[in-house]
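Here's the letter readout for the chains.
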Amino acid sequence: MNETDIRKYAELMKELELTALEIKDGDKVVRLERNISVRVTETVQAAPVASPASASAAINANAQVPVNSNCFTVKSPLVGVFYAGPAENVEPFVSIGDHVKRGQTLCIIEAMKLMNEIYADEDGVIEEICVTNGQVVDYGTELFRIKR
């Protein structure tokens, strides 16, 4: 494999936001890896206060609990399968109530047979895990709510 081919694959990795790529060409194997931190966070604004009757109706309709302004969400940066832990029968990376540090692995999103670790962008406490293990997630799907 020549340098032009390797550069072409490296550009493809960057374009598709892949962290690793392995190419087999006969008896030769080339593995490209890049060390990137996948961090997508969004600050969640406080929900308006409503009367008890309308609040319970809203909670039932949306199946969501209002989030206060000292929380942020971690959303999926890509389409793939959400994995809470590094393997099938192993403890998840984080659970509700866990204290997390900036840069700590929260989960894995598998996309195109590649495992992409999702990291905490800030220190905080896991308030909610919004998806289940093995669930297919879209770009922008809320994965975690973390209290600052």
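First things first, this report covers the structure right here in the doc.

Quick notes on the rules
Residues numbered from 1 in each chain as written. Predicted model: local features only at pLDDT ≥ 70, side-chain atom pairs only at ≥ 80, totals over all residues. Heavy atoms only, no water. Phe/Tyr/Trp six-rings, centres within 6.5 Å; stacked < 30°, edge-to-face > 60°. Helix = DSSP H or I, 4+ residues; strand = E, 2+ residues; numbered from the N terminus. Buried < 20%, exposed > 50% of the residue type's maximum accessible area, 1.4 Å probe, protein only. Lys NZ or Arg CZ within 6 Å of the ring centre and 35° of its normal. Pairing = 2+ DSSP bridges. Patch = residues over 30% accessible without salt bridge, like charges linked within 9 Å, V, L, I, M, F, W, Y side chains within 5 Å. Areas by Shrake-Rupley, 256 points an atom, 1.4 Å probe, with all protein chains shown as cover. Salt bridge = Lys/Arg side-chain N within 4 Å of Asp/Glu carboxyl O.

Another point: the packing of aromatic side chains. All told, the structure shown has 1 aromatic pair when counted by the stated rule. Between Phe82 and Phe144, the ring centres sit 6.0 Å apart and the planes meet at 55°, which makes this aromatic pair tilted. Linking Phe82 in strand E5 (residues 80-83) with Phe144 in strand E11 (residues 142-147), this pair joins segments that are 62 residues apart in sequence. Each member of the pair Phe82 and Phe144 is classed as buried. The aromatic ring of Tyr9 is capped on one face by Lys8, whose charged end is 5.3 Å from the ring centroid.

This part covers the pairing of strand E1 (residues 20-25). Pairing analysis gives 6 bridges linking E1 to strand E2 (residues 28-33), with the strands arranged antiparallel. Residue pairing for E2: Ile23 is matched across the bridge by Val30. Taken together, E1 and the strand that follows it, E2, pair antiparallel across an intervening segment of 2 residues, in which Gly26 is found at a positive phi of about 70°.

A separate point is a nonpolar patch on the surface. On the surface, a cluster of nonpolar side chains totalling about 280 Å² of accessible area is made up of Leu12, Leu16 and Met112. By secondary structure assignment, the location of Met112 is in the loop between strand E7 (105-111) and strand E8 (114-119). Judged by its relative accessible area of 62%, Met112 is exposed.

The backbone of Met112 sits at a positive phi, close to 55°, despite the residue not being glycine. Positive phi, normally seen in glycine, also occurs at Lys113, with a value near 70°. If you trace the backbone, Lys113 turns up in the loop between E7 and E8.

Here we come to the pattern of salt bridges. Scanning the model with the defined rule gives 3 salt bridges in all. Here Arg145 and Glu128 are joined by a salt bridge, their closest N and O atoms 3.2 Å apart. With Arg145 in strand E11 and Glu128 in strand E9 (residues 124-129), this pair connects stretches of sequence that are 17 residues apart. Classification of Arg145 by relative accessible area gives buried; the value is 7%. Under the relative-accessibility criterion, Glu128 is labelled partly exposed at 31%. Ionic pairing is found between Arg145 and Glu142, a salt bridge with its closest N-O pair at 2.7 Å. Among the charged side chains, a salt-bridge network with shared partners connects Glu128, Glu142 and Arg145.

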